[in-house]
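Observations on the three-dimensional arrangement
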Amino acid sequence: MSGEAAARVRPGRRFGALPVPAGVENLELELPVGVLTALRAPARGAAHGTALLVPGFTGSKEDFLPLLPRLAERGWDAWAFSQRGQADSAAPAGERHYTLDDFAGDVLHAAALVAEVTGRTRTHLLGHSFGGTVARAAAIRGGRETFADLTMLCSGPHGWPGRKADEEARLRAAGPHADLWTLDHPEQAAAAAPQDPDPLSATDRFLRERSLRTSRDGLLGAIAVLADPADSTPLLAATALPVLVAHGERDNAWPQEWQRVMAERLGARYEVIPGAAHLPNEENPVATAHLLSDFWSHTR
């Protein structure tokens with residue numbers, strides 16, 4: 001690892017109330033947009049390869065806390081980062097800074113930095129939900145020189161006009177400091193005024209803090225991406241990257257049929273994860289880790 005790379009990847013601090021499993025590191029990645037916060041679970045024993053995980057709408061790197069150590073146990077050097085505007089990552093002001101090109105560019109910069117740190121040229125890329133849209137755009141731009149493969153987790157081929165229109169309307173009506181957790185939980189938000197003890201559970205405290213720290217401009221930019229009906233499946237197919245399309249058996253964020261057909265069009269592996277809905281990384285991390293490890297083992 002070069003000295004420059006070492007200076008751009010440095011220890012970070014835990015964000016929020018959720019415990020970080022043993023063996024998982026908090027990091028900061030210095031990228032052109034600013035500091036994006038990350039988690040890393042180094043492989044236990046010899047590493048088979050490196051994985052980079054991208055969270056979805058309203059999410060953050062902490063969405064992968066249950067999954068990261070299980071990937072490390074299986075020999076994968078697993079990294080996850082909060083996208084621009086998410087939680088404690090850099091959040092430039094203005095919706096113009098949250099286009100699909102911006103989000104995908106951050107993935108490419110993060111992948112390049114991770115490759116320099118680890119010495120492994122190509123990365124296994126995974127995007128969850130909105131993060132899948134971002135990861136797909138990054139994969140199209142980076143191709144096989146940058147990525148070993150792509151996993152679309154609970155993510156469809158395109159959006160549709162009016163998607164999340166209710167969230168957009170409420171965010172715009174509530175003003176520049178609005179956050180979705182407060183808008184969705186007005187009674188809890190009122191009860192969560194500073195006091196001792198805090199009446200919320202650790203999970204709810206985390207969700208509250210993450211929402212308060214998440215950029216409203218970033219959410220509005222992501223909503224615009226999710227409402228775009230343009231289908232980039234042919235461009236992804238042209239990269240010849242191996243692709244895994246997977247979702248929970250109860251996933252309803254994208255029509256499951258869309259995801260299955262997307263896999264067919266790509267000649268991709270298609271899997272349904274039992275005991276999970278839209279968050280297999282949290283709802284069934286053991287099965288998800290097993291599936292990912294099997295897929296990556298065949299493409300590395």
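A few points on the structure. Going along each chain's sequence as written, the residues are numbered from 1 onward. Two thresholds apply to this predicted model, a pLDDT of at least 70 for residue-level local features and 80 or more for giving and counting side-chain atom pairs, whereas whole-chain, interface and lining totals are computed over all residues. Water and hydrogen atoms were dropped before computing side-chain values, which therefore reflect all heavy atoms in the structure.

1. Details of the overall build of the protein
Under the convention used in this document: Put simply, DSSP marks the helices as runs of H or I at least four residues long and the strands as runs of E at least two long, and each gets a number from the N terminus on. Two residues qualify as a contact provided that any one of their heavy atoms is within 4.5 Å of a heavy atom in the partner residue. Shrake-Rupley sampling with a 1.4 Å probe provides the accessible areas, and residues are treated as covered by the protein chains on show and by no other component. Positive charges come from Lys and Arg, negative ones from Asp and Glu, while His and the chain ends are left out of the count. Throughout, a charge is located at the NZ atom of Lys, the CZ atom of Arg, the CG atom of Asp or the CD atom of Glu.
Secondary structure summary: the protein contains 13 helices and nine strands in total. Once the C-alpha set of the protein is aligned to its principal axes, its extents read approximately 50 × 40 × 35 Å. Sequence-distant contacts in the protein: of pairs separated by 6 or more residues, those separated by 24 or more amount to 74%. On the protein, roughly 12300 Å² of surface is accessible, and the fraction owed to carbon and sulfur atoms is 52%. In the protein, the 30 positive side-chain charges and the 37 negative ones have mean positions that sit 3 Å from each other.

2. Focus: empty space enclosed by the protein
The rolling of a water-molecule-sized probe over the atoms marks out the regions of remaining empty space. We count it as follows: Cavities and pockets were defined on a 1 Å grid built over protein atoms only: a cavity is a set of grid points that admits a 1.4 Å probe from which the probe cannot escape, a pocket is an open set flanked by protein on both sides within 12 Å along at least five of seven lines, and lining residues are those with an atom within 4 Å of any such point. Grid points are joined across faces, edges and corners, and a volume is the space filled by probe spheres set on the points. Amino acids are sorted into nonpolar (Ala, Val, Leu, Ile, Met, Phe, Trp, Tyr, Cys and Pro), charged (Asp, Glu, Lys and Arg) and polar (every other residue, Gly among them).
Under the defined criterion, the tally for this structure stands at one cavity of 30 Å³ or more. Considered as a void within the structure, the largest cavity measures approximately 80 Å³ in volume. Examining the composition of the lining of the largest cavity, we find that three residues originate from one element, helix 9 (residues 216-226), more than from any other. Residues that form the lining of the largest cavity fall into these classes: five nonpolar, eight polar and one charged.

3. Things to note about the packing of helix 5 (residues 165-174) against helix 9
The relative placement of two packed helices comes down to the angle between their axes together with the axis-to-axis distance. Selection rule: Helix axes use the C-alpha atoms of the stretch in contact, all axes being lines fitted to C-alpha atoms, and the angles between their N-to-C directions lie in the range 0 to 180 degrees. Geometric relationships in this document are graded by angle, where less than 35 degrees denotes roughly parallel, more than 145 denotes roughly antiparallel, 65 to 115 denotes roughly perpendicular, and other angles denote oblique. Throughout, a crossing is termed right-handed when the near helix is turned clockwise from the far one, and left-handed when it is turned anticlockwise from it by less than a right angle.
Remark: helix 5 packs on helix 9, axes separated minimally by 10 Å, with the N-to-C direction vectors making an angle of 150 degrees. Taken together, the axes of helix 5 and helix 9 are roughly antiparallel relative to one another. In the packing of helix 5 onto helix 9, the handedness of the crossing is left-handed. Contacts between helix 5 and helix 9 involve E167, E168, L171 and R172 from the first element and R216, L219, L220 and I223 from the second. Across the contact of helix 5 with helix 9, the residue classes break down as four nonpolar, no polar and four charged.

4. Overview of the layout of surface pockets
Of the voids in this model, the largest pocket is the one considered here, and its volume is about 820 Å³. Along the wall of the largest pocket there are 29 residues; nearest its centre are F57, T58, G59, R210 and L279. Residue assignment for the lining of the largest pocket shows that the elements contributing at least two residues are helix 5, helix 6 (180-184), helix 8 (202-213) and helix 9. In terms of residue count, helix 8 provides more of the lining of the largest pocket than any other element does, five residues in total. Its residues assigned to classes, the lining of the largest pocket shows 10 nonpolar, 10 polar and nine charged. Volume-wise, the second largest pocket comes out at about 230 Å³. For the second largest pocket, the lining is made up of 14 residues, of which L100, T133, R136, A137 and S232 are closest to its centre. Those elements that place two or more of their residues in the lining of the second largest pocket are helix 3 (100-118) and helix 4 (130-146). When residues in the lining of the second largest pocket are grouped by element, the largest group, five residues, is from helix 4. The residue inventory of the lining of the second largest pocket, partitioned by class, reads six nonpolar, four polar and four charged.

5. Digging into unusual backbone geometry
Its identity as a non-glycine residue notwithstanding, K164 has a phi of 60 degrees, on the positive side. At A240, a position not held by glycine, the phi torsion is positive, near 65 degrees. Tracing the backbone through its elements, the reader meets A240 in the loop between helix 10 (233-239) and strand 8 (243-248).

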